[in-house]
Amino acid sequence: MQVETKPKVINRLNRIEGQVRGIVRMVDDDRYCVDVLTQLQAVRAALNRVESEVLKDHLDHCVMGAMTGDDPADRKAKASELIELLGRATR
């Protein structure tokens, strides 16, 4: 992960961790189910944003580096990883 991306990702993950702890308290306090579900959707959306940021960083840094590099095995490996990752995302 690139140096400038890492602190942003860690900050977002720390906020998500706080959201999840809040949801645990909501469940423990027997809060209304729709309120809990709303917070779960917010956490899922936040995780999706972090995932997008990490994927963008990977594409910009790791994959582009391999595609412009001189190692055909590295290019093939990065392409295969990306195909596998996208395949898992559609399951």
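Note that the coordinates shown come from a computational prediction; the quantities given were computed from them, not determined experimentally.

**Student:** Explain the nonpolar core residue by residue, including any values.
**Tutor:** Core analysis: the biggest nonpolar cluster contains eight residues, these being Val-9, Ile-16, Ile-23, Met-26, Val-36, Val-43, Ala-46 and Val-50. Counting only elements with at least two residues in this core, the list comes to helix H1 (6-28) and helix H2 (33-68). Aside from chain neighbours lying at most four places away, what touches Val-9 is Met-1, Val-50, Glu-53 and Val-54.

**Student:** Quick rundown of the environment of Asp-57? Include the residues and the values.
**Tutor:** Relative to the helices and strands, Asp-57 is located in helix H2. Along the primary structure Asp-57 and Val-20 are separated by 37 residues, whereas in three dimensions their C-alpha atoms are 25 Å apart.

**Student:** Just give me the short version of the environment of Val-50, but keep the residues and values in it.
**Tutor:** Turning to its location among the elements, Val-50 is positioned in helix H2. When its relative accessible area of 6% is taken as the criterion, Val-50 is described as buried. Taking C-alpha positions, Val-50 is 21 Å from Lys-78, a pair spaced 28 residues apart along the chain. Ignoring sequence-local partners within four residues, the contact set of Val-50 consists of Val-9, Arg-12, Leu-13 and Ile-16.

**Student:** Can you break down the side chain of Asp-57 residue by residue, with the values?
**Tutor:** Although buried, Asp-57 forms no salt bridge, and the nearest oppositely charged side chain, Lys-56, lies 7.4 Å from it. Other than its neighbours up to four places away in sequence, Asp-57 contacts Met-1, Gln-2, Thr-5 and Cys-62.

**Student:** Lay out H1 with the relevant residues and their values.
**Tutor:** For an α-helix, 3.6 residues make a turn, and residues three or four places apart therefore share a direction. The terminal C-alpha atoms of H1, which comprises 23 residues, lie 33 Å apart, in line with the 33 Å expected from a rise of 1.5 Å per residue. Residues of H1 that are buried make contact with H2. At the exit of H1 stands Asp-30, carrying a positive phi of roughly 55 degrees.

**Student:** Before we move on, could you go through the packing of H2 against helix H3 (residues 72-89) and cite the residues and values that matter?
**Tutor:** Where H2 meets H3, the axes come as close as 8 Å, and the angle between the chain directions of the two elements is 150 degrees. Considered as vectors, H2 and H3 are oriented roughly antiparallel to each other. Between H2 and H3 lies a crossing of left-handed hand. Residue-level inspection shows Leu-55, His-58, Leu-59, Cys-62, Ala-66 and Met-67 of H2 in contact with H3, the latter providing Asp-74, Arg-75, Lys-78, Ala-79, Glu-81, Leu-82 and Leu-85.

What counts and what doesn't
- Residues numbered from 1 in each chain as written.
- Predicted model: local features only at pLDDT ≥ 70, side-chain atom pairs only at ≥ 80, totals over all residues.
- Heavy atoms only, no water.
- Core = buried A, V, L, I, M, F, W, Y, C linked by side-chain atoms within 4.5 Å.
- Buried < 20%, exposed > 50% of the residue type's maximum accessible area, 1.4 Å probe, protein only.
- Helix = DSSP H or I, 4+ residues; strand = E, 2+ residues; numbered from the N terminus.
- Contact = heavy atoms within 4.5 Å.
- Lys, Arg positive; Asp, Glu negative; His and termini not counted.
- Salt bridge = Lys/Arg side-chain N within 4 Å of Asp/Glu carboxyl O.
- Expected span 1.5 Å × (residues − 1).
- Axes fitted to C-alpha atoms, helices over the stretch in contact; angles between N-to-C directions.
- Parallel < 35°, antiparallel > 145°, perpendicular 65-115°, else oblique.
- Left-handed = near helix turned anticlockwise from the far one by under 90°.

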